[in-house]
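Each chain, written out:
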Amino acid sequence: MFERVRELGRSGIDVCSEMGRAGIFLIRMIFRRPRLIKVFPLVVEQLYAIGVLSLIIMVVSALFIGMVTALQGYHTLSKFGADTQLGQLVALSLTRELGPVVAGLLFAGRAGSALTAEIGLMKTTEQLSSMEMMGIDPLWRVIYPRFWAGVISLPVLSLIFTAVGIYGGYVVAVKWLGIDAGTFWSNMSASVDFHLDVLSGIIKSIVFAVVVTWIAVYEGYTTEPTAEGISLSTTRTVVYSSLAVLGLDFMLTTIMLGGW
Amino acid sequence: MQTDSLVTIRDLHFAHDNRSIFSGVNIDIERGKITAIMGPSGTGKTTLLRLIGAQIQPDKGEVIVNGQNVHQINRRELYHARRDMGMLFQNAALFTNISVFENVAFPIREHTNLPESLIRKLVLIKLEAVGLRGSANLMPSELSGGMQRRVALARAIALDPALIMYDEPFAGQDPISMGVLVKLIKTLNEVLGMTSVVVSHDVPETASIADYVYLIAEGKVVAQGKPAELLTSSSPHVKQFMQGLPDGVVPFHYPAKDYIEDLFDV
């Protein structure tokens, strides 16, 4: 009995200290001030690997999500004769929710897992250790550029996702279902508020970007240097990031809609 | 005790996962000499190099490198001190996404602002020293294990460190690569005057180049001396290791309960 209580306590302490370590790690990433002239090219290189290479999956997914939202929306709205409001429905769902959330989930799967695996493998093959022994801090040289590239990429990708999604919705609504293009766009622009809808989506995607990239680089950096270790860390990155995105989305939505 | 030591290790204690690795190790690494740290696998030889490079913290004791206690200086000073240390990792640890040339240029680019033409010359000089100037444009994956280790060596000496540590440089090498590495370690030590620490369990190769040997077993230095002295030592530990006897002080069997009892115990 006592042993169980002790184990419970021990695992509680372990979780807290792990969170503490991860928190310190994040603070060091955010408040570190390296030499810009050296770090800039490294961030640009990572922006390509993390951001540009994630573009295709984002665009294709966004197109399908926009199209399916329009189809589903039309099906329901037309029952009430409100099918002219389809533009509004597509735009609001994408800017407020689907854009940041789905882009965050896709980013965790595409870029987050790649980041963890890459950093984890660098650790396993002693590349990070060899850097330390050369007097180069891997936190600065490897982790920092990847972290910031992730933080910059995801909000931009989310915006692209939302825009392409809306276009997908437009194609289905106007070209296929025959809704008037003018009605579609004018209803959309009349009902979408920049602060309430677009800005809240951007804020969400910035929060998701920090959290997803933080989890990915931290898991890679602290991985157990074995094959199983990398596999576990990569899995944890995707699972934790996805849960974090969905959980935080609920919290942020509650705050933004004035529930708190 | 030697007087002109680059590295001084005093009363070093280190435990990992409650398993004691070192319990009171004292080692002096003389400047400009090749010091070998030998011992059976799993005695923590690599751990010792990591303690010298301050990649891990000891539980007790001190490691003084070039007059600085590397475990008590701050992060910035430590990274600065490491510029004067080179380390050859067992699996080379080359950066796989950049070419051989860029691997060797990496520490130079990070630590200096030299013009590109000078960096090129420096890198080619280092690659020539390890006999791989011709491979400058290849990727690490296109090289054999032995060649990768030589490139890693060129990278480790890129900034002409005062101390270079070799982690099992001969492990898993064919006789030719092994001969090349033995020659390289000796030459670099003689020509550049680098203080070298070789961690190894390959007795003949290491004994042939080392000036002084420390034999570690069960967390302690069990013997030390010039290679010739150790080869003729009568101590059972030293004899078993230096002559490669399968059974002796270090038993062949991992500790277990009685064999017969174990077999018939259902």
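### Description of the overall build of chain A
And step 1. Within chain A, the secondary structure is distributed over 9 helices and 0 strands.
And step 2. Helices and strands appear in chain A in the N-to-C order α-α-α-α-α-α-α-α-α.
And step 3. By principal-axis analysis of the C-alpha atoms, chain A measures approximately 65 × 55 × 30 Å.
And step 4. For chain A, the residues scored as buried account for 47% of the 260 residues in total.
And step 5. A sequence separation of at least 24 residues applies to 83% of the contacts in chain A between residues at least 6 apart.
And step 6. Approximately 12900 Å² of chain A is accessible, and the part contributed by carbon and sulfur atoms is 71%.
And step 7. Distance from the positive charge centre (18 side chains) to the negative charge centre (18 side chains) of chain A: 5 Å.

### A closer look at a nonpolar patch on the surface
And step 1. A contiguous nonpolar surface patch, about 520 Å² in accessible area, is contributed by Y259, I260, L263 and F264 of chain B.
And step 2. Tracing the sequence through the fold places Y259 of chain B in helix α10 (residues 259-264).

### Considerations on the nonpolar core
And step 1. F107, I143 and F161 of chain A are the most contacted members of the largest nonpolar core, which has 61 residues in total.
And step 2. Tallying contributions element by element places helix α6 (residues 138-176) of chain A first for this core, with 17 residues.
And step 3. Membership of the second largest hydrophobic core comes to 35 residues, among which are A136, A158, Y166 and I209 of chain B.

### Describing the confidence of the model for chain B
And step 1. A residue-level look at chain B finds 97% of positions with pLDDT of 70 or above and a mean pLDDT of 86.
And step 2. Predicted as a complex, the structure gets a pTM of 0.85 and an ipTM equal to 0.81.

### Overview of the interface of chain B and chain A
And step 1. Residue-level contacts link 25 residues of chain B with 20 residues of chain A.
And step 2. Buried area between chain B and chain A, both sides added, is near 1900 Å², and the carbon and sulfur share of it is 49%.
And step 3. Of all residues in chain B, the largest losses of buried area upon contact with chain A belong to Y79, F95 and E110 of chain B, amounting jointly to 27% of the total for that side.
And step 4. Seen at the junction of chain B and chain A, the total is 3 salt bridges.
And step 5. With a closest N to O distance of 2.6 Å, R141 of chain A and E110 of chain B form a salt bridge.

### Here we look at the pairing of strand β10 (residues 220-225) of chain B
Residues and elements named next belong to chain B.
And step 1. As judged from the 5 bridges shared by strand β9 (residues 212-217) and β10, these two strands associate in the antiparallel manner. Residue A217 lies in a different strand from β10, and its bridge partner there is K220.
And step 2. Once β9 ends, the chain turns through 2 residues before running back antiparallel as β10, passing E218 with a positive phi of about 50 degrees.

### Concerning the packing of aromatic side chains
Residues and elements named next belong to chain A.
And step 1. Evaluated as defined, the whole model comprises 10 aromatic pairs over all chains.
And step 2. Taking the centre distance of 5.7 Å and the plane angle of 35 degrees together, the rings of F25 and Y221 count as tilted. Highlighted residues: F25 in helix α1 (residues 2-31) and Y221 in helix α8 (residues 194-221), separated in sequence by 196 residues.
And step 3. Seen from their ring centres, Y170 and W185 are 5.0 Å apart, and the 25 degrees between their planes marks the pair as stacked.

### Description of helix α9 (residues 236-243) of chain B
All names here are of chain B.
And step 1. Listed as buried for α9 are H237, V238, Q240, F241 and M242.
And step 2. On its buried face, α9 sits against β3 (34-38), α7 (203-209), β9, β10 and α8 (227-231).
And step 3. Backbone geometry just after α9 places G244 at a positive phi near 65 degrees.

### Let's talk about the sheet that holds strand β4 (residues 60-65) of chain B
Residue and element names in this part refer to chain B.
And step 1. Reading across from one edge, β2-β1-β4-β5 is the order of the 4 strands in this open sheet, with antiparallel pairing throughout. Where the open sheet ends on each side, the last strands, each with one partner, are β2 (19-30) and β5 (68-69).
And step 2. As defined by bridge partners, strand β1 (residues 5-16) adjoins β2 across 9 bridges and the pair is classed as antiparallel. Bridging across to β2, I9 finds its partner in I27.

### Quick look at the pattern of salt bridges
And step 1. One pass over the structure, following the stated rule, counts 20 salt bridges over all chains.
And step 2. Across the salt bridge formed by K186 of chain B and E190 of chain B, the nearest N and O atoms sit 3.9 Å from each other. Here E190 of chain B and K186 of chain B lie together in helix α6 (residues 175-192), a separation of 4 residues that amounts to about one turn.
And step 3. The exposure class assigned to K186 of chain B is partly exposed, which follows from its relative accessible area of 25%.
And step 4. Residues joined in a network through salt bridges with shared partners are E97, K204 and D249 of chain A.

### Remarks on helix α1 (residues 45-52) of chain B
All names here are of chain B.
And step 1. The buried fraction of α1 is high, at 7 of 8 residues.
And step 2. Of all the residues in α1, the buried ones are K45, T47, L48, L49, R50, L51 and I52.
And step 3. After α1 finishes, the residue A54 shows a positive phi value of roughly 60 degrees.

### Details of the side chain of S54 of chain A
And step 1. By secondary structure assignment, the location of S54 of chain A is in the loop between α2 (36-51) and α3 (55-77).
And step 2. Of note is the side chain of S54 of chain A, whose polar atom sits 2.5 Å from the backbone oxygen of I50 of chain A.

### Remarks on the layout of surface pockets
And step 1. For the largest pocket, the calculated volume is near 950 Å³.
And step 2. Around the largest pocket, the lining is made up of 31 residues, and of these P225 of chain A together with H16, T47, R50 and I56 of chain B lie nearest the centre.
And step 3. At the level of elements, α4 (86-124) and α5 (127-133) of chain A together with β1, β2 and α1 of chain B are the ones that each hand at least two residues to the lining of the largest pocket.
And step 4. When residues in the lining of the largest pocket are grouped by element, the largest group, 4 residues, is from α1 of chain B.
And step 5. For the lining of the largest pocket, the class distribution of residues is 8 nonpolar, 15 polar and 8 charged.

### Quick look at the packing of helix α5 (residues 145-156) of chain B against α6 of chain B
Residue and element names in this part refer to chain B.
And step 1. Interaxial distance between α5 and α6 falls to 10 Å at its minimum, and their mutual angle equals 15 degrees. Classified by the angle their axes make, α5 and α6 are roughly parallel. For the element pair α5 and α6, the recorded crossing hand is right-handed. In this structure, α5 contributes G146, R149, R150 and L153 to the contact, and α6 contributes S177, V180, L181, L184 and L188.
And step 2. Looking at the contact of α5 with α6 residue by residue, the classes come out as 5 nonpolar, 2 polar and 2 charged.

Cut-offs applied
- Residues numbered from 1 in each chain as written.
- Chains lettered and ligands numbered in written order.
- Predicted model: local features only at pLDDT ≥ 70, side-chain atom pairs only at ≥ 80, totals over all residues.
- Heavy atoms only, no water.
- Helix = DSSP H or I, 4+ residues; strand = E, 2+ residues; numbered from the N terminus.
- Buried < 20%, exposed > 50% of the residue type's maximum accessible area, 1.4 Å probe, protein only.
- Contact = heavy atoms within 4.5 Å.
- Areas by Shrake-Rupley, 256 points an atom, 1.4 Å probe, with all protein chains shown as cover.
- Lys, Arg positive; Asp, Glu negative; His and termini not counted.
- Charge placed at Lys NZ, Arg CZ, Asp CG, Glu CD.
- Patch = residues over 30% accessible without salt bridge, like charges linked within 9 Å, V, L, I, M, F, W, Y side chains within 5 Å.
- Salt bridge = Lys/Arg side-chain N within 4 Å of Asp/Glu carboxyl O.
- Core = buried A, V, L, I, M, F, W, Y, C linked by side-chain atoms within 4.5 Å.
- pLDDT = per-residue confidence, 0-100.
- Buried area = accessible area lost by both parts, 1.4 Å probe.
- Pairing = 2+ DSSP bridges.
- Phe/Tyr/Trp six-rings, centres within 6.5 Å; stacked < 30°, edge-to-face > 60°.
- Polar contact = N/O pair within 3.5 Å; in protein donor to acceptor, adjacent residues only side chain to side chain.
- 1 Å grid on protein atoms, 1.4 Å probe; cavity = no way out; pocket = protein on both sides within 12 Å on 5 of 7 lines; lining within 4 Å.
- Points joined across faces, edges and corners; volume = space filled by probe spheres on them.
- Nonpolar A, V, L, I, M, F, W, Y, C, P; charged D, E, K, R; others polar.
- Axes fitted to C-alpha atoms, helices over the stretch in contact; angles between N-to-C directions.
- Parallel < 35°, antiparallel > 145°, perpendicular 65-115°, else oblique.
- Left-handed = near helix turned anticlockwise from the far one by under 90°.

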